[in-house]
Number of protein chains: 2
Amino acid sequence: MADHDCICTQDKVKEYLELMAKNAGISDLTDPALAAYISDSDGLRHLRDLFHYPKCGSLPDVDASLVDPSSDCIYLCGHSLGLMPKATERVMNEQLQKWARMGVYGHLSGDLPWAYCDEAAIEGVARLVGATKSEVSVCNGLTVNIHVLLTAFYKPTEQRHKILLESRAFPSDHYAIESQIRLKGRNPEESMIVMMPRDGEECLRTEDILQKIQEEGDQIAVVFLPGVQYYTGQLFNIHTITMEAHKKGCLVGWDLAHAYGNVPLQLHYWDVDFACWCSYKYGCTGAGGIAGLFIHDRFKEDKRDRMLGWWSHKMSSRFQMTNELDLDEGAAGYRISNPPIHLVAPLMGSLEVFNSVSMDDLRSRSCYLTGYMEFLIKHFFDEASPHRRSKISVKIITPAEFHERGCQLSLRFSVPIDLVYKELTKRGVAVDKRYPHVIRVAPIHLYNNYTDVRRFITALQVVVLSVKGDK
Amino acid sequence: MADHDCICTQDKVKEYLELMAKNAGISDLTDPALAAYISDSDGLRHLRDLFHYPKCGSLPDVDASLVDPSSDCIYLCGHSLGLMPKATERVMNEQLQKWARMGVYGHLSGDLPWAYCDEAAIEGVARLVGATKSEVSVCNGLTVNIHVLLTAFYKPTEQRHKILLESRAFPSDHYAIESQIRLKGRNPEESMIVMMPRDGEECLRTEDILQKIQEEGDQIAVVFLPGVQYYTGQLFNIHTITMEAHKKGCLVGWDLAHAYGNVPLQLHYWDVDFACWCSYKYGCTGAGGIAGLFIHDRFKEDKRDRMLGWWSHKMSSRFQMTNELDLDEGAAGYRISNPPIHLVAPLMGSLEVFNSVSMDDLRSRSCYLTGYMEFLIKHFFDEASPHRRSKISVKIITPAEFHERGCQLSLRFSVPIDLVYKELTKRGVAVDKRYPHVIRVAPIHLYNNYTDVRRFITALQVVVLSVKGDK
Ligand SMILES: Cc1ncc(COP(=O)(O)O)c(C=O)c1O
Ligand SMILES: Cc1ncc(COP(=O)(O)O)c(C=O)c1O
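Residues numbered from 1 in each chain as written. Chains lettered and ligands numbered in written order. Predicted model: local features only at pLDDT ≥ 70, side-chain atom pairs only at ≥ 80, totals over all residues. Heavy atoms only, no water.

Quick rundown of the state of the cysteines? Include the residues and the values.
Overall, the coordinates contain 0 disulfides over all chains when judged by the stated rule. Free cysteine A:Cys77: the closest other cysteine sulfur is in A:Cys73, separated by 10 Å. (Disulfide = S-S within 2.5 Å.)

Here's what the structure looks like:
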């Protein structure tokens, strides 16, 4: 991979900050004026205006004596729930108006005819995951789609019955896999390979995954891993793992919950067998937004057993209602129920934003924005830093290199995070807590800027001092 | 059943119309003035104002030279897609505003915290289906829920492996059952019992269903039937069929797509094992609205294998993220993904209407409203009627008795319906076509009135004359 030859991420980021600082005539890389300067000169800064960016005063637990309620909050929680695109409100209201005005005729009339509204999103979503249009469907929730996919692709035999996953898999994935193994009449204790990071490490090493596949691949039916790990923020090497697992005859599926809209994906080119994702994190479709699934085109004509419904049936003859299934091709044939317009509307709103910019430009912006956050965290909070002013230190458990992470950084605090989290919240900082020690933050390439990051650092400095006193 | 002792529906309806006509000083029961009179004196007439009732001018195919665009359309298609409650717009916009203003904090804050928004609907939905709160979940699409239920409850053995369904099952149900049989390693040809109506009949007779259960019950794992049949409008005798199938050791599941919000249901009391429904027909939640499922309380503690996700896990410990499943009780333990707020919002809007009135009052209104439609259809279009003015005649294939139908009437025309349907549409009449001969109409107890029905009859008179000339 080209990435491996480059100088390391930390140096690249520093080079960039130094260049910008020079242009701005600023000497201190931690100067908030530098953040303001980069934010202002950012070619993608207009994207923020496409979103409703919350004010401090409208967050529930903000203390108005500590922050100006009319100022922007510091929203670093887009890895959990993305902000609302302004377009979404418009699309949603158009669809409500259509329903109010024409009732059932909306199925076939007006913008976004409901009977095929999901199909309007396919092109945009396919672009985000690097797929052809026939490889993608939008439907259901994410875990439901894990079941849809494993029901069809996990067909254990005596010889090959295992599913390889990671020990820190998101609970819902873990339960889904465990229950699929049971439903197929097998025992999770025998059929689940749960990979743990090495002692003292947080992330799985690609080499260890490949070795496990080498060792047990003959018995592995399905490798199922996250594109980006929710807890550590680690970006897996989807291409290499998929390729190596294929050599051993395994099928390879990916949960892209934290990868979709976060990092560029090339599912088709990477030869991934199947994948699924939710859209409410980087996808910005709102809580419980519609999920997606990917089926590689090599399975396009494949009629494998799966959970069927009338939406698996080809549109052309679907409404003849004959009860003779005419299975749709590709990912479309994995749909089951008719699409919910009130979930497709926010997806269309979100795609208006994504369609206006390339994922590569977003990614490039993201790498430096997250790199800036990393630089500041290390500068002010690293255990070994001379600039640390509180007893509390922070270690970043997310991998340090661009090609091994998305925009999220997982910060492990040297103390339990309860108080830190609470005090951050009071100051209008939206982050996410993983007890006992981890806070996850994500400066989102769509709507965050360098000033948000810099303000977060200031807030964190104040907070760690306030909860533990001076060093 | 008490119903069986009453005088027949047709006589009851006539009695009622005669009484109202007498009160109004009207002699002709078909007089539009009678419809206006009953509509005006209707104790539930305010419900219509809780909905956006479309105008002729906003339907896509209306001919403005034939009807006044500013007049109410004749919406008789609520069995396909219910109209939009005004409350829905408000609830949806509240939730969009919350997202805009507080992002991720909306999961736990404000009205309808997203992390448990589905639970806010349980009480209202449970009331509509006659269930305890622990028996009901709202999640997914209807066919997805058929899979959720059959995955858990259809466990074929050598001895007992069949599923009994009807030959005219809605295609999606048919495909779901067929695929579940295959996924369980069996053959639909051996394991599907597809019941057909008697020669020359449209509806299945209860006695024939009971006899089939008597004959083949020992091999039947699951009886899966519709509460109200989508094509004929027949209301099945859920209680009796469930009881008799239980005697033979079968599990009994019901698809209530056309029963939910249409007829009063007593799933718990009727001892139904499991059931599911969509909410976008009589439930008025919009295209692809959130579906529901019912699991009888006798399975409350039962931990049978099923498709699991983090939403199957008890709320109290769900976010500890341990990967040790602590299965939630009852129907809640059949949920998989987190709930979509943008589908729960319309459900809450719809429940504002349903919670303001009793299902029994709605049902009583519905019986007479549909009875009035039947009376007029027979009067003006029955093959044998002296009042028929066109060559075209209409036969109602829906059962004639209250206790065997909901509000829908399925009209079989003596000619192919293409032209009739098209001409009705031009005149602002929204109905539903089932080629070649059937048009389904449903005066909905929530928002339709006697005048809608009477206007429909006038439109139909004009239309049948226009397409076929005089008798
Ligand atoms: C009886 C019945 N079953 C299944 C369905 C399919 O519903 P969904 O697309 O929500 O799965 C419908 C939809 O109209 C229906 O009426
Ligand atoms: C990696 C991963 N898997 C599964 C889920 C569960 O998603 P859903 O509730 O949409 O099924 C999430 C949600 O955050 C997730 O991050």
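Structure's up, so let's keep going.
For the site of ligand 1, give the residues involved together with the corresponding values.
Taken together, the neighbourhood of ligand 1 is formed by 13 residues, with A:Trp310, A:Ser337, B:Thr143, B:Asp173 and B:Lys281 sitting nearest. Residues within reach of ligand 1 are spread across chains A and B. One of the side-chain nitrogen or oxygen atoms of A:Ser337 is found 2.6 Å away from an oxygen atom of ligand 1. The separation between an oxygen atom of ligand 1 and a polar side-chain atom of B:His258 is 2.9 Å. (Near = heavy atom within 4 Å. Polar contact = N/O pair within 3.5 Å; in protein donor to acceptor, adjacent residues only side chain to side chain.)

So, the relation of the copies chain A and chain B: which residues are in play, and what are the values?
Superposition record for chain A on chain B: RMSD 0.0 Å, screw rotation 180°, translation along axis 0.0 Å. Here the two chains are linked by the operation of a two-fold rotation axis. (Least-squares fit on C-alpha atoms with pLDDT ≥ 70 in both.)

Which residues make up helix 7 (residues 142-153) of chain A, and what are the values?
All names here are of chain A. Look at helix 7: 16 Å from first C-alpha to last across 12 residues, which is about the 16 Å you get at 1.5 Å a residue. With 12 of 12 residues buried, helix 7 lies mostly within the body of the structure. Buried residues of helix 7: Leu142, Thr143, Val144, Asn145, Ile146, His147, Val148, Leu149, Leu150, Thr151, Ala152 and Phe153, and no others. (Helix = DSSP H or I, 4+ residues; strand = E, 2+ residues; numbered from the N terminus. Expected span 1.5 Å × (residues − 1). Buried < 20%, exposed > 50% of the residue type's maximum accessible area, 1.4 Å probe, protein only.)

Describe in detail the interface of chain A and chain B, supporting the description with residues and values.
The extent of an interface is frequently quoted as the accessible surface area lost upon association of the parts. With 82 residues of chain A at the interface, the matching set in chain B holds 82 residues. Overall, the association of chain A and chain B removes approximately 6500 Å² of surface from exposure, summing both partners, and the carbon and sulfur fraction of that is 65%. Where chain A meets chain B, there are 0 salt bridges. In this structure, the connection of chain A to chain B is made through 33 residue pairs in polar contact (both at pLDDT 80 or more). At the level of elements, strand 3 (84-85), helix 4 (86-102), helix 7, helix 8 (171-183), helix 13 (341-354), helix 15 (418-426) and strand 13 (429-430) of chain A are the ones that each hand at least two residues to the side of chain A that touches chain B. The biggest single contributor to the side of chain A that touches chain B is helix 4 of chain A, with 10 residues. Residue composition of the side of chain A that touches chain B, grouped by class: 43 nonpolar, 30 polar and 9 charged. (Contact = heavy atoms within 4.5 Å. Buried area = accessible area lost by both parts, 1.4 Å probe. Salt bridge = Lys/Arg side-chain N within 4 Å of Asp/Glu carboxyl O. Nonpolar A, V, L, I, M, F, W, Y, C, P; charged D, E, K, R; others polar.)

Help me get a handle on the sheet that holds strand 9 (residues 274-277) of chain A, residues and values and all.
All names here are of chain A. The sheet built from 7 strands is open, its strands ordered 4-10-9-8-7-5-6 with mixed pairing. Of all the strands in the sheet, just strand 4 (136-138) and strand 6 (192-195) have a single pairing partner and so form its edges. Neighbour to neighbour, the strand axes of the sheet diverge by 15° on average, direction disregarded. Of the strands in this sheet, strand 7 (220-226), strand 8 (251-255), strand 9 and strand 10 (292-295) are in contact with helix 7, which crosses strand 9 at around 165°. (Pairing = 2+ DSSP bridges. Axes fitted to C-alpha atoms, helices over the stretch in contact; angles between N-to-C directions.)

Explain the site of ligand 2 residue by residue, including any values.
All residues in the neighbourhood of ligand 2 are listed as A:Leu142, A:Thr143, A:Phe170, A:Asp173, A:Asp255, A:Ala257, A:His258, A:Tyr280, A:Lys281, B:Trp310, B:Ser337 and B:Asn338. With respect to ligand 2, its neighbouring residues span chains A and B. A:Thr143 is positioned with one of its side-chain polar atoms (N or O) 2.5 Å from an oxygen atom of ligand 2. Here a nitrogen atom of ligand 2 sits 2.6 Å away from a polar atom, N or O, in the side chain of A:Asp173.

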